[in-house]
Amino acid sequence: MGMGYVGITTALLFAELGWKVTGLDPDHNKIKSLKQGILPFHEPGVDDLLSRHVNLDNLTFSADPQHSIINNQIIFICVGTPSQYDGSANLSYIKQAATWIGTYMEQESCIVTKSTVPIGTNKRIVQWIKVAQVNSIPYDVVSNPEFLREGSALRDSLEPDRIVIGSNSEHSVNLVSSLYVKLNRPIIVTKPETAEMIKYASNAFLATKISFINELARLCDLVEINITDVAKAMGMDHRIGPHFLNAGIGYGGSCFPKDVNALLYTANDYASPLSLLKKVAEINNTQSLFFLERLEQQLSGFENKTIAVLGIAFKPNTDDIRESPSLKIIAHLLRKQATVQAHDPVARLPGDLSSDRLIQCSTMEDALEQADAVILCTEWDEYLNANWEKFRANMRDKYFLDGRNALDRELLTNIGFHYLSISNY
Ligand code: UGA
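Residues numbered from 1 in each chain as written. Predicted model: local features only at pLDDT ≥ 70, side-chain atom pairs only at ≥ 80, totals over all residues. Heavy atoms only, no water.

### A look at empty space enclosed by the protein
Here is step 1: Counted by the stated rule, this structure contains one cavity of 30 Å³ or more.
Here is step 2: Estimated volume of the largest cavity: approximately 40 Å³.
Here is step 3: Lining the largest cavity we find Thr113, Ser115, Thr116, Val117, Ser143, Pro145, Ala195, Glu196 and Lys199.
Here is step 4: Element by element, the count of residues in the lining of the largest cavity is highest for helix 9 (residues 192-222), at three residues. (1 Å grid on protein atoms, 1.4 Å probe; cavity = no way out; pocket = protein on both sides within 12 Å on 5 of 7 lines; lining within 4 Å. Points joined across faces, edges and corners; volume = space filled by probe spheres on them. Helix = DSSP H or I, 4+ residues; strand = E, 2+ residues; numbered from the N terminus.)

### Considerations on the packing of aromatic side chains
Here is step 1: Tallying each qualifying case throughout the model produces 11 aromatic pairs.
Here is step 2: With a centroid separation of 4.1 Å and an interplanar angle of 15°, the aromatic rings of tyrosine 5 and phenylalanine 41 are classed as stacked. Of the two residues, tyrosine 5 sits in helix 1 (residues 5-16) while phenylalanine 41 sits in the loop between helix 2 (28-35) and helix 3 (46-53), which places them 36 residues apart along the sequence.
Here is step 3: On the basis of relative accessibility, which here comes to 11%, the residue tyrosine 5 falls in the buried class.
Here is step 4: Overall, phenylalanine 41 belongs to the buried group, its relative accessible area being 12%.
Here is step 5: A centroid spacing of 6.0 Å and a plane angle of 65° characterise the contact between tryptophan 388 and phenylalanine 391, whose relative ring orientation is edge-to-face. With tryptophan 388 and phenylalanine 391 both in helix 16 (residues 388-393) and three residues apart, this pair spans about one turn of that helix.
Here is step 6: Among the residues examined, tryptophan 388 registers a relative accessible area of 3% and is labelled buried. (Phe/Tyr/Trp six-rings, centres within 6.5 Å; stacked < 30°, edge-to-face > 60°. Buried < 20%, exposed > 50% of the residue type's maximum accessible area, 1.4 Å probe, protein only.)

### Looking at the environment of isoleucine 163
Here is step 1: In this fold, isoleucine 163 is placed in strand 6 (residues 163-166).
Here is step 2: Setting aside its immediate chain neighbours within four residues, isoleucine 163 contacts Asn144, Tyr180, Leu183, Arg185, Pro186, Ile187 and Ile188. (Contact = heavy atoms within 4.5 Å.)

### A short note on a nonpolar patch on the surface
Here is step 1: On the surface, Leu219, Leu222, Val223 and Ile225 cluster together into a nonpolar patch covering about 390 Å² of accessible area.
Here is step 2: Mapping leucine 219 onto the fold places it in helix 9. (Patch = residues over 30% accessible without salt bridge, like charges linked within 9 Å, V, L, I, M, F, W, Y side chains within 5 Å. Areas by Shrake-Rupley, 256 points an atom, 1.4 Å probe, with all protein chains shown as cover. Salt bridge = Lys/Arg side-chain N within 4 Å of Asp/Glu carboxyl O.)

### Comments concerning helix 13 (residues 325-335)
Here is step 1: The element helix 13 is largely enclosed, with a buried count of eight among its 11 residues.
Here is step 2: Here helix 13 has its buried residues at Pro325, Ser326, Leu327, Ile329, Ile330, His332, Leu333 and Leu334.
Here is step 3: In this fold, the buried residues of helix 13 make contact with helix 12 (275-298), strand 8 (306-310), strand 9 (339-343), strand 10 (358-360) and strand 11 (373-376).
Here is step 4: Following helix 13 by one or two positions, glutamine 337 adopts a phi angle in the positive range, close to 70°.

### Re the site of the ligand
Here is step 1: Around the ligand, a shell composed of 20 residues is seen, among which Phe147, Leu148, Glu150, Lys199 and Asn203 lie nearest.
Here is step 2: At 2.7 Å from an oxygen atom of the ligand is found a side-chain nitrogen or oxygen belonging to asparagine 203.
Here is step 3: At a separation of 2.7 Å, an oxygen atom of the ligand approaches a polar side-chain atom of lysine 315.
Here is step 4: When isolated, the ligand has an accessible area of 710 Å², and the protein chains bury 91% of it.
Here is step 5: Of all the secondary-structure elements, those providing two or more residues to the shell around the ligand are helix 9 and helix 11 (256-269).
Here is step 6: Sorting elements by how many residues they give to the shell around the ligand places helix 9 first, with three residues. (Near = heavy atom within 4 Å. Polar contact = N/O pair within 3.5 Å; in protein donor to acceptor, adjacent residues only side chain to side chain.)

### Observations concerning the pairing of strand 4 (residues 109-113)
Here is step 1: Among the five residues that make up strand 4, five are buried, leaving the element largely enclosed by the rest of the structure.
Here is step 2: The alternating pattern of strand 4 places Ser109, Ile111 and Thr113 on one face and Cys110 and Val112 on the opposite face, and all of these are buried.
Here is step 3: Direction of pairing for strand 3 (residues 74-77) relative to strand 4: parallel, over a ladder of four bridges. When the bridges of strand 4 are listed, isoleucine 75 appears paired with isoleucine 111.
Here is step 4: Regarding topology, helix 5 (residues 92-104) serves as the crossover connection from strand 3 to the parallel strand 4, and that connection is right-handed.
Here is step 5: In this structure, strand 4 lies alongside strand 5 (residues 139-143), joined through five bridges in parallel fashion. When the sheet's bridge partners are listed, threonine 113 is paired in strand 5 with serine 143.
Here is step 6: For the segment spanning strand 4, helix 6 (residues 121-132) and strand 5, crossover handedness is right-handed. (Pairing = 2+ DSSP bridges. Right-handed = clockwise from strand over helix to strand, strands pointing away.)

Here it is, written out as structure tokens:
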């Protein structure tokens, strides 16, 4: 249930593992596209898998909840849980899914929650199903959080570090485990609330690593220390690990900002505030503007300057722009009266950012044309492998803010750029 990132990838994973799968979503247009093998988002590998499975008979797509629920014994809830104005997770799609399940279920079923849901939600799903049931049919609700990343969704699904199954029923644990048996990956069995917490704790910890290195980068910037060297040596300590220590303009996407806020909300609800995590969010909210100021100083202000912004997506290999740091940077530049020439290999600017000083360029070359400065926001391969010497020639001035520490300082300096970065000396 729910043909978003997680739902489609999960449906394809199970089809690939040999199970018979129905992908359900009430959005008729989405279902129509999926039936034609068209993925509603950019995700390398998942597109090929869809076109392969759409022609086989073990995967179907449907907009009809009744038909889909009646014909499947195991139902995965993969709907969105977006942030509400107060930071809490909006559970209305989950409640709708549970209500449909209760209303249409005709046989004993196992309901599996893959959506990221606050602690205690699985218990609420049990209740929502019960309330909607016409006849009393047995069912169990299992928590099975998802850990895939956008941009590498297929690999993460086929090779998960762990599979977490939260259930108090041995039968359900065995049933859900059996679905994944071919993957041969470690399975952790917990009670449902623990599984819910593991998901939030994992995202919150990764966000904490990023904000830790980002705040440290601000200090390193003042004392001219290379944060990349610091992170590399830190990461060689196996107790720390090298991942998620890349300093940059901050984390974005549909998960970290939302899940950090939802966990903070839950903690406050239980009067047990998570002060460290609160700081993690604060650092992230100010990170991009901190380093943007460095560029502003160099340019003696952004007013009437033309800035090329490379990368709109929140990370490479996706067209997802939700909470992308790039959007915050563009909005700031527009407020400061700059002209912005933005480019992304696949992502599009959102409608609410429209301005006559903002242009989405179809090529990187157009974005850099007569620009005073370039800001690299997303480390797409196209930017990393660009012929910067050639591009530099068409720019009016030569300032470069590498917001992902993804390029070679020496190389860019040697070809005449004034290279600024997130403390990448
Ligand atoms: C994240 C988690 O990594 C997944 O495990 C989880 O399943 C997913 O959220 C989710 O809850 O659905 P995702 O948001 O797709 O995945 O992407 P990440 O690769 O985690 O990147 C998130 C943000 O952090 C990006 O903006 C990225 O640029 C930034 N980042 C990442 C850094 O700034 N520095 C790093 O070292 C790593």
